[in-house]
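One-letter residues, chain by chain:
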Amino acid sequence: MTDLHRSAVVADAHNDLLMLVARRPKAAWAEYFRERWIPQLREGGIDVQVLPVFIDDEFRPEGALRETLRMIEAAHRVAEANADEVVLCTTPADLAGRDGRIALVLALEGCPQIDNDLELLQTLHRLGVRMVSFTHFGRSALGDGSGEDATGSRLTHAGVEAIGLLEELGVLIDVSHVGRGGVEHILELATKPVVASHSSAFALREHHRNLTDEQLRAIAATGGVVCINFFAGFLTDAEKPTVDHLADHIEYVVDVAGEDHVGLGSDFVAEVFAEKIPACDRPVVIQGLDAEVYVPGLEGPAGMPLVTDALLRRGMPEDTIRKVLGANLIRVLSKE
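What you see is a predicted model, and the numbers here were worked out from it, not measured in a lab.

### Details of empty space enclosed by the protein
Logical step 1: For the coordinates displayed, the defined rule picks out three cavities of 30 Å³ or more.
Logical step 2: In this structure, the largest cavity spans a volume of roughly 80 Å³.
Logical step 3: If you trace the largest cavity, you find 15 residues lining it, with Val178, His208, Arg209, Asn210 and Leu211 closest to the centre.
Logical step 4: Of the residues assigned to the lining of the largest cavity, the class counts are four nonpolar, eight polar and three charged.

Structure (structure tokens):
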């Protein structure tokens, strides 16, 4: 790990590890996190970790809210039992006062647990949720995911109303996974910074999960941040992806959106897939891509210093690298 990586504040806007915590018996949640994930986060130099609450199809629709509450409870118990190592940030003050601990931030990835009951967003905010995306690949009560782009749809009435509520609550709106029309609709209405927690550049890899130059600039215009996804299929169609493909996307978005509007959103899923998906369901193909092709060394958070190394090799200024590694995401997370 370089001195730059060690001294920088490193923030990851998307790691699905909370799914694995919640799979265990509740008595094991805290110990599992301490033994399995704290060492990886420390090795990667990660100071701030956003924990998305993603609800698998097996829980939808009836069990979505119950599983959401279980996952949020798991995060609270993890933080309480490991208070020497981590802090669950429910306010900007918590983020500022982490005192060397790893800051954990709760997010919703899609909103199957609320349907049209927008008041539940306020309930989940009370429990600590600080970032919300409206949908996943498919359709939700708030809008369509990018997998539904052929419909040309924008937000529903409930989606429009959700923007105002989330901004009033001080919750970040996340456009990753939202369809192209929905992203444009959000950016037309937003009055506060918008983030893309785990998206890359469409100009370098033409996949509907990535953002166009116009969208990148529009997110920057809100004061927001585009956090680059490490998932190999969204970075390149090369058979052997490398960290340089990731660096290509980071550099590109810095050029298009500006150095104040780029961050990291790893979307590490190797351990999730290894544990959750049985052999009979392999290979894992998601939206036409082999989901088990990873950038070597970046299968999990311990590899995060490789990103800094790649950017340094390219001659990116150290101040810019610090912004990309975490300062930009910290800025928007710290806003009320």
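### Focus on the packing of helix 3 (residues 29-43) against helix 4 (residues 64-81)
Logical step 1: Contact geometry for helix 3 and helix 4: axes closest at 8 Å, N-to-C directions at 65 degrees. When the interaxial angle is binned, helix 3 and helix 4 end up roughly perpendicular. Crossing hand, helix 3 versus helix 4: right-handed. Contact with helix 3, carried on its side by Trp29, Ala30 and Phe33, involves Arg70, Glu73, Ala74, Arg77, Val78 and Ala81 of helix 4 and no other residues of that element.
Logical step 2: Here the residues of the contact of helix 3 with helix 4 sort into six nonpolar, no polar and three charged.

### Notes on the layout of surface pockets
Logical step 1: For the largest pocket, the calculated volume is near 870 Å³.
Logical step 2: Considering the residues around the largest pocket, the lining is formed by 36 residues, among which Phe54, Asp56, Arg60, His136 and Phe137 are closest to the centre.
Logical step 3: No other element matches the three residues that helix 12 (residues 270-276) contributes to the lining of the largest pocket.
Logical step 4: Among the residues forming the lining of the largest pocket, the class breakdown is 18 nonpolar, seven polar and 11 charged.

### Here's the deal with the nonpolar core
Logical step 1: With 100 residues, the main nonpolar core has Phe33, Leu121, Phe134 and Ile250 as its most contacted residues.
Logical step 2: Ranked by the residues each element gives to this core, the list is headed by helix 11 (residues 243-257), at eight residues.
Logical step 3: The contacts of Leu121, once residues within four sequence positions are left out, are Leu108, Cys111, Ile114, Val132, Ala162, Leu165, Leu166 and Leu169.
Logical step 4: In terms of nonpolar packing, the next biggest core, distinct from the first, is built from 19 residues, Ala11, Ala13, Ala103 and Leu333 among them.

### Regarding the packing of aromatic side chains
Logical step 1: Tallied over the entire structure, the rule returns two aromatic pairs.
Logical step 2: Pairing Phe230 with Phe268 gives two aromatic rings, centres 5.6 Å apart and planes at 85 degrees, and the pair type is edge-to-face. One end of the pair, Phe230, is in the loop between strand 8 (225-229) and helix 10 (232-235); the other, Phe268, is in the loop between strand 9 (262-265) and helix 12, with 38 residues separating them in the sequence. Phe268 carries the same exposure label as Phe230, and that label is buried.
Logical step 3: Note on Phe231 and Phe234: the rings are 4.7 Å apart at their centroids and 65 degrees apart in plane angle, and the pair reads as edge-to-face.
Logical step 4: In this structure Phe234 comes out as buried when scored by relative accessible area, which is 4%.
Logical step 5: Over the ring of Tyr32 we find Arg24; its NZ or CZ atom is 3.8 Å from the centre of that ring.
Logical step 6: Across the ring face of Phe202, the terminal group of Arg180 is positioned such that the distance to the ring centre comes to 5.1 Å.

### With respect to helix 11
Logical step 1: Taking 1.5 Å of rise per residue, the 15 residues of helix 11 would be expected to cover 21 Å, and the 21 Å separating its terminal C-alpha atoms lies within 8% of that figure.
Logical step 2: Taken together, the buried positions of helix 11 are occupied by Val243, His245, Leu246, Ala247, His249, Ile250, Val253, Val254, Val256 and Ala257.
Logical step 3: Looking one or two residues past helix 11, Gly258 carries a phi angle of roughly 105 degrees, positive in sign.

### What about the packing of helix 11 against helix 13 (residues 305-313)?
Logical step 1: Two elements in contact, helix 11 and helix 13, have axes separated by 10 Å at closest approach and are oriented at 65 degrees. By the angle between their directions, the pair helix 11 and helix 13 is classed as roughly perpendicular. For the element pair helix 11 and helix 13, the recorded crossing hand is right-handed. Residues Val243, Asp244, Leu246, Ala247 and Ile250 of helix 11 touch helix 13, and the partners they reach there are Leu306, Val307, Ala310, Leu311 and Arg313.

Conventions we followed
- Residues numbered from 1 in each chain as written.
- Predicted model: local features only at pLDDT ≥ 70, side-chain atom pairs only at ≥ 80, totals over all residues.
- Heavy atoms only, no water.
- 1 Å grid on protein atoms, 1.4 Å probe; cavity = no way out; pocket = protein on both sides within 12 Å on 5 of 7 lines; lining within 4 Å.
- Points joined across faces, edges and corners; volume = space filled by probe spheres on them.
- Nonpolar A, V, L, I, M, F, W, Y, C, P; charged D, E, K, R; others polar.
- Axes fitted to C-alpha atoms, helices over the stretch in contact; angles between N-to-C directions.
- Helix = DSSP H or I, 4+ residues; strand = E, 2+ residues; numbered from the N terminus.
- Parallel < 35°, antiparallel > 145°, perpendicular 65-115°, else oblique.
- Left-handed = near helix turned anticlockwise from the far one by under 90°.
- Contact = heavy atoms within 4.5 Å.
- Core = buried A, V, L, I, M, F, W, Y, C linked by side-chain atoms within 4.5 Å.
- Buried < 20%, exposed > 50% of the residue type's maximum accessible area, 1.4 Å probe, protein only.
- Phe/Tyr/Trp six-rings, centres within 6.5 Å; stacked < 30°, edge-to-face > 60°.
- Lys NZ or Arg CZ within 6 Å of the ring centre and 35° of its normal.
- Expected span 1.5 Å × (residues − 1).

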